[in-house]
Amino acid sequence: MLRVMTWNIRTGGRDRGGLDRLDQVVQVVDEQAPDVLALQELRGFDRDGLMAGVAGRVGMVPHLARSCFGQPVAVLVRRPYRVVDARPVRRPFHHAAARVVVATSAGPLTVLGTHLYPYSGGRRRMEVDWLIAAMRRNQGPLSLITGDLNSLDPTVDHTDRLAGMPTLYRRRHLRRSGDTVDTRAVARLLAAGLVDLWPSGNADAPEAAGYTVPTGLGGAEFAGMRLDYLLGSTAVAQRVRDCRVIRDGVAATASDHYPLLATLDLSAG
């Protein structure tokens, strides 16, 4: 079984003038032992050997994508899974996107790890179009888009939830008109043929069970919501055996996002 996890670790696991949370981040990764790990908000990981140091602590091989304007992202892979191709997606994402192809028993699995623009639904939609174009250059039917998409689920009514948020943060999730919830980023990914792995594996679970923010660390910019996603091609979705949000132990305070973990019926190729 292949375990894939996505996690926004908030400003590189370290707060300016505050708590260093990297030990907690490493502890959660060690406990969950994902084979493929997509990380976002890797502030400082592109210098001073920080990426290599953290990857060494968790026993994984990192593939970092540097950021144009924001913070790097990375996809890490654990042996015996073998990477056959790894590169950044060469588009001006606010943060970044990494494309990693992993050899599996069912053929190459293309993983795109990203962190979409937080402040504008229109910009998120543009970044999603770049992801879809990158996905369509895949080497086979197994595709997975992972990360903090900063976008709401188009299949759920978010009106009441957003009404309780401060105006500054509510605006991030509204169309320019200000009266329509903006779910276009995830909607475009679903329209491109991807399957949202959380609801596909949790049909009877309450909506709140899928919330990935906020954690016990807080976050004034969040209501209870799902911003972190694993979206797979049909061939990937058919192999999902479990998909869950990790809330136990230090996962509640290691970041302002919870990790999202899926188990797929795949082995190393």
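For the structure given in this document, a descriptive report is provided here.

**Some words on unusual backbone geometry**
Working step 1: With an omega of 20°, the peptide bond running from Arg79 to Pro80 counts as cis.
Working step 2: By the element assignment, Pro80 lies in the loop between strand E4 (73-77) and strand E5 (82-88).
Working step 3: Across the junction of Val213 and Pro214, the peptide omega takes the value -10°, indicating a cis bond.
Working step 4: Located in the positive-phi region is Arg10, a residue other than glycine, with phi close to 60°.
Working step 5: Topologically, Arg10 is positioned in the loop between strand E1 (2-8) and helix H1 (22-32).
Working step 6: Positive phi is not limited to glycine here, since Ala33 has a value of about 50°.
Working step 7: Examined against the element boundaries, Ala33 turns out to sit in the loop between H1 and strand E2 (36-40).

**Let's talk about the nonpolar core**
Working step 1: Within the largest apolar cluster, 31 residues are counted, with the highest numbers of intra-cluster contacts made by Leu2, Val4, Val75, Leu109, Leu197, Leu230 and Leu264.
Working step 2: Once residues within four sequence positions are removed from consideration, Val4 is found in contact with Val36, Leu144, Leu230, Leu260, Leu261, Ala262 and Leu264.
Working step 3: Among the nonpolar cores identified, the runner-up in size contains 25 residues, and Trp7, Val54, Ile246 and Ala254 belong to it.

**Here we look at the sheet that holds strand E12 (residues 260-264)**
Working step 1: Spatial strand order, E3-E4-E2-E1-E12-E11: 6 strands in an open sheet with mixed pairing. Strands with a single pairing partner mark the edges of an open sheet, and in this sheet they are strand E3 (61-65) and strand E11 (240-245). The sheet shows a mean angle of 15° between the axes of neighbouring strands, direction not considered.
Working step 2: Relative to E2, E1 runs parallel, the two sharing 5 bridges. Counterpart to Thr6 in the pairing with E2 is Ala38.
Working step 3: Relative to the sheet, H1 contacts E1, E2, E11 and E12, its axis offset from that of E1 by approximately 160°.
Working step 4: On the sheet, helix H2 (residues 50-58) packs against E3 and E4 and is oriented at approximately 35° with respect to E4.

Criteria and cut-off values
Every residue gets a number counted from 1 within its own chain, in the order that chain's sequence is written. Given that this is a predicted model, residues contribute local features only at a pLDDT of at least 70 and side-chain atom pairs are listed and counted only at 80 or more, while totals for whole chains, interfaces and linings are drawn from all residues. Side-chain metrics in this entry use all non-hydrogen atoms of the structure; hydrogen atoms and water are not considered. Numbering of helices and strands runs from the N terminus, with a helix taken as a DSSP run of H or I at least four residues long and a strand as a DSSP run of E at least two residues long. Side-chain atoms within 4.5 Å link the members of a nonpolar core, which is a set of buried Ala, Val, Leu, Ile, Met, Phe, Trp, Tyr and Cys residues. For each residue, the accessible area found with a 1.4 Å probe, counting protein chains only, is set against the maximum for its type, and the residue is called buried under 20%, exposed over 50%, and partly exposed in between. The contact definition used throughout considers only heavy atoms, calling two residues in contact when any of these lie within 4.5 Å. Whether two strands pair comes down to DSSP finding at least two bridges between them. Orientation is described by axes fitted as lines to C-alpha atoms, over the contacting stretch for helices, and by angles from 0 to 180 degrees between their N-to-C directions.

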